[in-house]
Amino acid sequence: MGRAAATGGGCRGARRWLWWLGLCFWAAGAAAARGTDNGEALPESIPSAPGTLPHFIEEPDDAYIIKSNPIALRCKARPAMQIFFKCNGEWVHQNEHVSEESLDESSGLKVREVFINVTRQQVEDFHGPEDYWCQCVAWSHLGTSKSRKASVRIAYLRKNFEQDPQGREVPIEGMIVLHCRPPEGVPAAEVEWLKNEEPIDSEQDENIDTRADHNLIIRQARLSDSGNYTCMAANIVAKRRSLSATVVVYVDGSWEVWSEWSVCSPECEHLRIRECTAPPPRNGGKFCEGLSQESENCTDGLCILDKKPLHEIKPQSIENASDIALYSGLGAAVVAVAVLVIGVTLYRRSQSDYGVDVIDSSALTGNSLLLNSAMQPDLTVSRTYSGPICLQDPLDKELMTESSLFNPLSDIKVKVQSSFMVSLGVSERAEYHGKNHSRTFPHGNNHSFSTMHPRNKTPYIQNLSSLPTRTELRTTGVFGHLGGRLVMPNTGVSLLIPHGAIPEENSWEIYMSINQGEPSLQSDGSEVLLSPEVTCGPPDMIVTTPFALTIPHCADVSSEHWNIHLKKRTQQGKWEEVMSVEDESTSCYCLLDPFACHVLLDSFGTYALTGEPITDCAVKQLKVAVFGCMSCNSLDYNLRVYCVDNTPCAFQEVVSDERHQGGQLLEEPKLLHFKGNTFSLQISVLDIPPFLWRIKPFTACQEVPFSRVWCSNRQPLHCAFSLERYTPTTTQLSCKICIRQLKGHEQILQVQTSILESERETITFFAQEDSTFPAQTGPKAFKIPYSIRQRICATFDTPNAKGKDWQMLAQKNSINRNLSYFATQSSPSAVILNLWEARHQHDGDLDSLACALEEIGRTHTKLSNISESQLDEADFNYSRQNGL
């Protein structure tokens, strides 16, 4: 028994000895193999023996090579008989390893530690899809274990900042946002802000936030926040300083309350004063506006004259003054009677030979085409008409006076005069001022007027009816969690409700309207209304993510010439400023395109855009168009020339009115760039065929004051011309309409038409129709499929060391300012895509978005290749080499 046991023990000892001998031969062979061929793979396991797999006590860490200094990677494992490094899939030569061996006293297991060096040259010579990497492989009796992969990169920090902070002047309690994009570097640079060379600690000042993508945000500016700010960027290689940005926090002055009235002076006046000290202007703030001193009479008319009370003055002087007034009045009455008799006599002689014209007041002093452009515009310049005035009975005459047919320009003087009296320079009839009448044309009630020609008394009918006065355009739709789009056709106004903005299992009836009545927003000073007043609601609705409201505008966008503001009407009916388009704000976002403004909002209400011209070069874009129709006289043809703000909704109102008057568009509308240089607008009819058509003398040109065009916030501005055929056989009309601003832009409308409706060519009112269905809900309302949208957000919302995140997505979509707004959103990429949807609701240019993503290097799939049937299943084919 003992012998058997001894024999068995000897056999086990022999087997163990043979196993160690085999391992030695294997190790020698492996070493020889490594000496001759570095690429030959070592075995993944060795013959089994009692023990455990190697456990790594220390694994190699990611490392950065600074300048030309090599870095050391190390591994430590137990129990470990051997440890070798493998870099980029190839074994590192044995001679490059430095190995140390020790015994773990607590477990009695062998601990092995290995080092290798990696040089800059090795990393630069490696060209692969990934960064240079290395990992350890350790052997024990039972097999092998592998460590994590450690990447090795060359550290650097470029010299130039991608964006330096810019100096700003802000009012007290305003928001300050200083942008900083540090230089490109590996590892990514950390940013620190300095104020006057002292570090800023945002943790000790709740008013300052430096966490939003390296930007410095001061929520409410204080006077103490004025100073020089510098952005510091640093990594393990170097430190860089940005250019300093000077911030000035200013205070505008305000008036104290008025003082008490002073004692009455010998000149019968008393004074009161106020000073600009509550607060006084500081750091370049504006000085107080208005008067600092005010005076008024303090005796209620009982002023002392020559040191005597007024009631003690002798009555003789008063009687003399009364006599003078009496005789002057009698003399004026005699002269007036004489002039009236002469005027009536001349009128009766000319009544049978001359019609009644409405002419330009400038005709009394010469040809209106030769106006002196250096003169200031006449705010009472006359309208120009030609042809008979159509009256039927005394009731119609009253209507003509009260409803003011010549009131399309409600603040322009209209003169009704005989051609013969004009030639004598004598006015025959009273002057009518449109602004004194309550009704206006063409928005009045429906009336039909028949005419009596002054020569042959033949009756003609002209329908001057129009639509009843419209106060607003309105559309509605019911929306739920899937979101959708609400569109006002042919107005340029739309509302985008993002997916998820409305909580699940909830639905709302959302409405949108455009005010077409008198604007409730009254401009202050030089400020003008640039857009329609748009209302969206219900006002008590709450959204979880911003919605996009698109409002058209008529400004020629330029930050050098315009200061454009977004305003909102309060529940009390007052208008307050939401933000300036160029300002930084975290409450809303405005993106100004050439013809529309896209606004991201979180509350419903009434909004509008206003503009304050900074220079005389500020330009409003006007749409000019000419309509024509037959007159009440069968030989006459009326031309109506419109100059309206270049917004689709403004022109739609014109089209609607003309349709109800029988008017036809005679030429495609054109754009006129109207400058804010105070010069008026001239409209002329040129090149009329001389032997086919005629227009009365001095009526071929009309002039509209600058203020009437620049502040055209009421009904559409238009001028009318009446042309007369020589014979009824003339059915073709050709002429030119010249619309020009004095010392400004000019446009020519070429009229070439048949006055017969059956022969007239129809010109399309709108080049592009909006959606036939104003309300679109669910996935069909969006251009980007929802599944693709989710993947884009998941990819770009995550910060990336190489800068390929939502900020790059914004930059590639031409969103370069106020990025702090997106930084406050739960998904910045989703809000950026909502803005893209609002901007591209007509073209749906998915190719441009795909190109932007490809430039960033995140995808190689073109979205436009996705068919309608794939909208719910579409996906991106992400590149494996980018790890997506």
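Please read all numbers here as calculations on a predicted model, not as lab measurements.

The subject of this paragraph is the sheet that holds strand 50 (residues 746-754). Here four strands make up an open sheet; going across it, the order is 47-45-49-50 and the pairing antiparallel. Here the strands that pair on one side only, and so sit at the sheet edges, are strand 47 (701-704) and strand 50. Averaged over all pairs of adjacent strands, the angle between strand axes in this sheet comes to 15°, irrespective of strand direction. By the bridge criterion, nine bridges tie strand 49 (residues 732-741) to strand 50 in an arrangement that is antiparallel. From the neighbouring strand, Gln732 faces strand 50, where its bridge partner is Ser754.

Turning our eyes to something else, we now look at the packing of aromatic side chains. Counted according to the given criterion, the structure contains 14 aromatic pairs. Here the aromatic rings of Phe84 and Trp139 are separated by 5.7 Å at their centres, their planes lie at 75°, and the arrangement is edge-to-face. One end of the pair, Phe84, is in strand 4 (residues 82-87); the other, Trp139, is in strand 8 (residues 132-139), and 55 residues separate them in sequence. Overall, Phe84 belongs to the buried group, its relative accessible area being 6%. Overall, Trp139 belongs to the buried group, its relative accessible area being 2%.

Attention shifts here to the nonpolar core. With 69 residues, the main nonpolar core has Leu495, Leu549, Leu639, Ile737 and Ile739 as its most contacted residues. Filtering out sequence-adjacent residues up to four positions away, Ile739 remains in contact with Val624, Val641, Cys643, Leu672, Leu681, Gln682, Ile683, His745, Glu746, Gln747 and Leu749. Listed in part, the 31 residues of the second largest apolar core include Ala810, Tyr821, Trp836 and Leu853.

Bringing the sheet that holds strand 39 (residues 596-601) into the picture now. The strand order across the open sheet built from six strands is 38-39-35-31-30-51, with neighbouring strands paired in antiparallel fashion. What marks the edges here is a single partner per strand, and that holds for strand 38 (589-592) and strand 51 (775-777). On average, each strand axis in the sheet is inclined to that of its neighbour by 15°, with strand direction left out of account. Here strand 38 pairs with strand 39 via four bridges, running antiparallel. Bridged to Leu591 within strand 39 is His598. Those strands touched by helix 11 (residues 828-839) are strand 30 (484-488), strand 31 (493-497), strand 35 (547-552), strand 38 and strand 39, and its axis lies near 150° from that of strand 39.

Let's shift gears to the state of the cysteines. In total, this model carries five disulfides according to the counting rule given. A disulfide-free cysteine, Cys588 has its sulfur positioned 5.0 Å from the sulfur of Cys590, the nearest such atom. Cys588 sits in the buried class, given a relative accessible area of 2%. Here Cys597 stays unpaired: no disulfide links it, and the sulfur of Cys590, its closest cysteine neighbor, is 4.5 Å away.

In this model helix 11 runs 17 Å from its N-terminal to its C-terminal C-alpha over twelve residues, within 8% of the 16 Å that 1.5 Å per residue would give. Of all twelve residues that make up helix 11, eleven are buried, and the element is covered over most of its length. Among the residues making up helix 11, those that are buried are Pro828, Ser829, Ala830, Val831, Ile832, Leu833, Asn834, Leu835, Trp836, Glu837 and Ala838.

Rules and cut-offs
Residues numbered from 1 in each chain as written. Predicted model: local features only at pLDDT ≥ 70, side-chain atom pairs only at ≥ 80, totals over all residues. Heavy atoms only, no water. Pairing = 2+ DSSP bridges. Helix = DSSP H or I, 4+ residues; strand = E, 2+ residues; numbered from the N terminus. Axes fitted to C-alpha atoms, helices over the stretch in contact; angles between N-to-C directions. Phe/Tyr/Trp six-rings, centres within 6.5 Å; stacked < 30°, edge-to-face > 60°. Buried < 20%, exposed > 50% of the residue type's maximum accessible area, 1.4 Å probe, protein only. Core = buried A, V, L, I, M, F, W, Y, C linked by side-chain atoms within 4.5 Å. Contact = heavy atoms within 4.5 Å. Disulfide = S-S within 2.5 Å. Expected span 1.5 Å × (residues − 1).

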